[in-house]
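Structural features, examined
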Amino acid sequence: MTGAALTCTHAAHEAGNGEAVVHLVLVNCDGCDAALELLADDLEEALGVYERFAADDPSKVRKFQILRFEPSHIDGVQPGSRVYAIACTSDCRAERATYGLLELERLCERRELVWSGGVAVGGGRLVRPCAQGPRMGRMRRSRSEAIDQLILAMRSNCSVCALPNAPANGVIVARSPVPSFAYDWAVELFENMHRRQLDA
């Protein structure tokens, strides 16, 4: 993830080149680093696809520079900047991720940053083994739809709260694709499938 000093320098450079700079905080609730990076990769890829699809001229496609960093590096962000986030928990339920985002909101207020909302992902242990499945398939749909809402806020340069039918606290919850009673079984199943794919 991007460190504080690099964030400041790189943001100013990219802004000078005419690219839209987006500050994305990755909140690791309980050992979900790999899942968070995959979710951020998906956001960046989908954002680029939507921008190319929306442009009537390839030369007019807007370019975004996504600056990823941890909450501990938020001091490197210029006051007044918008901050978006993705939080992920290995728990089936997303409460821990939601709490992490609400804590980040308070941190943004203390640092005079514009908290603009985020995605709280439950079922983080299923992110990596299901990453190669269809983006809108059963195992990824909830996460993909939540990330698409966050992308809409980024493209509109607004807070999640400003979107139609958005949650008042700015936290979009991506629930686990399986219920809690089947969660451990599903994790084992998809991890085994993922290992077989890697060995093939």
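Relevant structure appears above.
Overview of the structure. (Residues numbered from 1 in each chain as written. Predicted model: local features only at pLDDT ≥ 70, side-chain atom pairs only at ≥ 80, totals over all residues. Heavy atoms only, no water.)

Thoughts on the pattern of salt bridges
- In this structure the tally under the stated criterion is 15 salt bridges.
- Its salt-bridge partner being R68, residue E44 comes within 2.9 Å of it at the nearest N-O pair. Here the residue E44 occupies a position in helix α2 (residues 33–54), and R68 occupies one in strand β2 (residues 64–69), the gap between them amounting to 24 residues.
- Here the salt bridges do not stand alone but share partners, grouping E37, D41, E44 and R68 into one network. (Salt bridge = Lys/Arg side-chain N within 4 Å of Asp/Glu carboxyl O. Helix = DSSP H or I, 4+ residues; strand = E, 2+ residues; numbered from the N terminus.)

As for a nonpolar patch on the surface
- A contiguous nonpolar patch, built from W185, L189 and M193 and spanning about 290 Å² of accessible area, is present on the exposed surface.
- Tracing the sequence through the fold places W185 in helix α5 (residues 180–199). (Patch = residues over 30% accessible without salt bridge, like charges linked within 9 Å, V, L, I, M, F, W, Y side chains within 5 Å. Areas by Shrake-Rupley, 256 points an atom, 1.4 Å probe, with all protein chains shown as cover.)

Remarks on the nonpolar core
- Core analysis: the biggest nonpolar cluster contains 30 residues, and L24, L43, I86 and L150 have the highest contact counts within it.
- Elements with a minimum of two residues in this core: β1 (20–28), α2, β2, β3 (82–88), β4 (114–121), α4 (141–156) and β5 (171–174).
- Top element by residues in this core is α2. It accounts for seven residues.
- Dropping the residues within four chain positions of it, L150 is found in contact with L24, L43, Y84, A85, I86, G117, G118, V119, V160 and I172.
- Residues V27, L101, C108 and V171 belong to the second largest nonpolar core, which totals 17 residues. (Core = buried A, V, L, I, M, F, W, Y, C linked by side-chain atoms within 4.5 Å. Buried < 20%, exposed > 50% of the residue type's maximum accessible area, 1.4 Å probe, protein only. Contact = heavy atoms within 4.5 Å.)

Topic: the environment of Y84
- Its location among the elements puts Y84 in strand β3.
- Separated by 59 residues in the primary sequence, Y84 and V25 have C-alpha atoms spaced 6.3 Å apart.
- In contact with Y84, other than residues within four places in its own chain, are V22, H23, L24, V25, S116, G117, L150, A153, M154, N157 and C158.
- In this structure the side chain of Y84 is engaged in a polar contact, spanning 3.3 Å, whose partner is the backbone oxygen of A153. (Polar contact = N/O pair within 3.5 Å; in protein donor to acceptor, adjacent residues only side chain to side chain.)

Description of the state of the cysteines
- Scanning the entire structure with this criterion turns up zero disulfides.
- C32 supplies the cysteine sulfur nearest to C29, a cysteine that is in no disulfide, at a spacing of 7.1 Å.
- The structure places no disulfide on C161, whose sulfur is separated from the nearest cysteine sulfur, that of C158, by 9.4 Å. (Disulfide = S-S within 2.5 Å.)

Without other data, these values stay purely geometric and don't point to any function.
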